[in-house]
Amino acid sequence: MPLARTGDLVAEAAAKRTAVAAFNVITLEHVEAVIAGAEAATSPVVLQVSENAVKFRHGRLLPLARAAATAAGAAAVPVALHLDHVKQDALLRQAADAGFSSVMYDAAHLPYRQNLAATRAVADWAHTQGLWIEAELGEVGGKGGRPPLDAHAPGARTHPEEARRFVAESGVDALAVAIGSSHAMTTRTAALDHHLLGLLDRGLNVPLVLHGSSGVPDDELAAAVGGGIAKVNIGTALNIAMTGAIRTHLADHPDGVDPRAYLTEGRRAMADAVTRLIGVLAPTV
Ligand code: G3H
Ligand code: ZN
């Protein structure tokens, strides 16, 4: 089926008070696993390519983007492409031509006024390209290998009134909020601030996005979706599944050399994780 659009998938999820899962993909195996996992769950899904993943691919977006678009076009469920955590203008400007219907512009590390000014300029430009634009206010910690922010650090939580002004003045289509999750956690121990989420949900007229969701336990994820989160970004959970399965396979087959043998196991483990997580975010009963 043709590529879906992120904005449509998020709007459909929000209307049902569920969330669309957005998985970060690094390799072709990630792409195939996310699609297989979403097909098994018979649910739409978003494939995300982050600026860091592009850096890993020597700064080239198109090899992975073209593969993702081709695989998405052959999927049995709606699949959209999203460019994630973009800071570089040059990358941003490739989004639409490379098949992405949405971009997350990340200026959350900047002071409020600079974040707003930069985000507003990007949102204005993105809308001329037909791109749905997500931004972040308050900083979800743990980016780029840095330690999680202390819960009381400035910016570690999104301020509801500031967020209301930021959305109104920037013109973004969705907002990533800092409510207690942190990027790249390998334990599922994050505790979310559901009171704050309630204030944000009631105060804002755009869908809310949860980042750093790998560290959030299932019951907290489900509660966040019930509380107004409509897009859930997941990356590390897939890497944990992939690496764990490959590690086990190589331990069991110390003489094996064919990458297809262990990549099959890694891809299967990621697909299983995708199906399971989609079930938490958008139960089918
Ligand atoms: O934008 C990507 C996500 O926030 C992924 O975070 O790797 O901690 O799940 P995670
Ligand atoms: Zn993120």
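Check the entry above for the structure.
A brief structural summary.

1. Digging into the overall build of the protein
Then comes step 1: The helix and strand tally for the protein stands at 11 helices and eight strands.
Then comes step 2: A compact globule built from 285 residues should have a C-alpha radius of gyration of about 19 Å, and the protein, at 18 Å, falls within 12% of that.
Then comes step 3: Across its three principal axes, the protein shows a C-alpha extent of roughly 60 × 40 × 40 Å.
Then comes step 4: Evaluated residue by residue, the protein yields a buried proportion of 53% over its 285 residues.
Then comes step 5: Restricting to contacts in the protein with at least 6 residues of sequence separation, those with at least 24 account for 71%.
Then comes step 6: Distance between charge centroids for the protein: 3 Å, based on 24 positive and 29 negative side chains.

2. Details of the site of ligand 1
Then comes step 1: Surrounding ligand 1, one finds 13 residues, the nearest of these being D84, A184, G212, S214 and T236.
Then comes step 2: For ligand 1, an oxygen atom lies 2.6 Å from a polar atom in the side chain of D84.
Then comes step 3: One of the side-chain nitrogen or oxygen atoms of T236 is found 2.6 Å away from an oxygen atom of ligand 1.
Then comes step 4: Against a free-state accessible area of 310 Å², the protein chains account for coverage of 94% of ligand 1.
Then comes step 5: With respect to the pocket detection grid, ligand 1 is positioned in the largest pocket.

3. A few points about the sheet that holds strand β6 (residues 174-177)
Then comes step 1: The strand order around the closed barrel built from eight strands is β1-β2-β3-β4-β5-β6-β7-β8, with neighbouring strands paired in parallel fashion. Neighbour-to-neighbour, the strand axes of this sheet turn through a mean angle of 25 degrees, independent of strand direction.
Then comes step 2: With three bridges joining them, strand β1 (residues 20-24) and strand β2 (residues 45-50) adopt parallel strand pairing. Counterpart to A22 in the pairing with β2 is V46.
Then comes step 3: Here helix α2 (residues 28-41) sits on the sheet in contact with β1, β2 and β3 (79-86), set at roughly 165 degrees to β2.
Then comes step 4: Running over the sheet, helix α4 (residues 62-73) touches β2 and β3 and is turned about 155 degrees from β3.

4. Observations concerning the coordination of the zinc ion (ligand 2)
Then comes step 1: Each protein donor to the zinc ion (ligand 2) is listed here as H85 (NE2), H183 (NE2) and H211 (ND1); together their distances run 2.0 to 2.1 Å.
Then comes step 2: For the zinc ion (ligand 2), the donor residues sit on a single chain with the sequence spacing H-x97-H-x27-H. Note that H183 is positioned in the loop between β6 and α8 (194-203) and H211 in the loop between β7 (208-210) and α9 (218-226), a separation of 28 residues in sequence. An identical accessibility class is assigned to H183 and H211; each is buried.

5. A word on the pairing of β3
Then comes step 1: Most of β3 sits inside the fold, with eight of its eight residues counted as buried.
Then comes step 2: Of the strand pairs in this sheet, β2 and β3 are connected by six bridges, and their pairing is parallel. If you follow V45 over to β3, its bridge partner there is V79.
Then comes step 3: Relative to strand β4 (residues 102-105), β3 runs parallel, the two being bridged by three bridges. Within the sheet, the bridge partner assigned to V86 lies in β4 and is Y105.

6. Details of helix α1 (residues 6-15)
Then comes step 1: When we look at burial in α1, the residues that qualify are T6, G7, L9, V10 and A13. Taken around the axis of α1, the buried residues stretch over an arc of 165 degrees, which confines them to a single face.
Then comes step 2: Contact partners of the buried residues in α1: β1, β2, β3, β4, β5 (132-137) and β8 (229-234).

7. Notes on the packing of α9 against helix α11 (residues 259-281)
Then comes step 1: Running from amino to carboxyl end, α9 crosses α11 at an angle of 45 degrees, the nearest separation of the two axes being 8 Å. With respect to α11, the element α9 is oriented oblique. Mapping the contact onto sequence places D218, L221, A222 and V225 in α9 and R276, L277, V280 and L281 in α11.
Then comes step 2: Each residue belonging to the contact of α9 with α11 can be placed in one class, and the counts come to six nonpolar, no polar and two charged.

8. Points about the packing of aromatic side chains
Then comes step 1: According to the stated counting rule, one finds one aromatic pair in the structure shown.
Then comes step 2: If you follow R93 out to its NZ or CZ, it ends over the ring of W125, 4.7 Å from the centre.

9. A look at the layout of surface pockets
Then comes step 1: In this structure, the largest pocket occupies an estimated 660 Å³ of space.
Then comes step 2: Residue lining of the largest pocket: 31 residues in total, with N24, S50, N52, H85 and H183 positioned closest to the centre.
Then comes step 3: Of all the secondary-structure elements, those providing two or more residues to the lining of the largest pocket are β2, α3 (51-56), β3, β8 and α10 (236-252).
Then comes step 4: With four residues, α3 is the largest single contributor of residues to the lining of the largest pocket.
Then comes step 5: Residues of the lining of the largest pocket, tallied by class, amount to six nonpolar, 18 polar and seven charged.
Then comes step 6: Taken together, 16 residues line the second largest pocket, and the ones lying closest to its centre are K16, T18, S43, P44 and A282.
Then comes step 7: Only α1, β1 and α11 provide two or more residues apiece to the lining of the second largest pocket.
Then comes step 8: It is α1 that contributes the most residues to the lining of the second largest pocket, three residues altogether.
Then comes step 9: Of the residues that constitute the lining of the second largest pocket, the class distribution is 10 nonpolar, four polar and two charged.

The rules we used
Residues numbered from 1 in each chain as written. Chains lettered and ligands numbered in written order. Predicted model: local features only at pLDDT ≥ 70, side-chain atom pairs only at ≥ 80, totals over all residues. Heavy atoms only, no water. Helix = DSSP H or I, 4+ residues; strand = E, 2+ residues; numbered from the N terminus. Rg over C-alpha atoms; globule rule 2.2 N^0.38 Å. Buried < 20%, exposed > 50% of the residue type's maximum accessible area, 1.4 Å probe, protein only. Contact = heavy atoms within 4.5 Å. Lys, Arg positive; Asp, Glu negative; His and termini not counted. Charge placed at Lys NZ, Arg CZ, Asp CG, Glu CD. Near = heavy atom within 4 Å. Polar contact = N/O pair within 3.5 Å; in protein donor to acceptor, adjacent residues only side chain to side chain. Areas by Shrake-Rupley, 256 points an atom, 1.4 Å probe, with all protein chains shown as cover. 1 Å grid on protein atoms, 1.4 Å probe; cavity = no way out; pocket = protein on both sides within 12 Å on 5 of 7 lines; lining within 4 Å. Sits in = over half its atoms within 2 Å of the grid points. Pairing = 2+ DSSP bridges. Axes fitted to C-alpha atoms, helices over the stretch in contact; angles between N-to-C directions. Donors = N, O, S within 2.8 Å, 3.2 Å for Na, K, Ca; no water. Arc of directions from axis to C-beta. Parallel < 35°, antiparallel > 145°, perpendicular 65-115°, else oblique. Nonpolar A, V, L, I, M, F, W, Y, C, P; charged D, E, K, R; others polar. Phe/Tyr/Trp six-rings, centres within 6.5 Å; stacked < 30°, edge-to-face > 60°. Lys NZ or Arg CZ within 6 Å of the ring centre and 35° of its normal. Points joined across faces, edges and corners; volume = space filled by probe spheres on them.

Distances and angles like these do not, on their own, reveal function.
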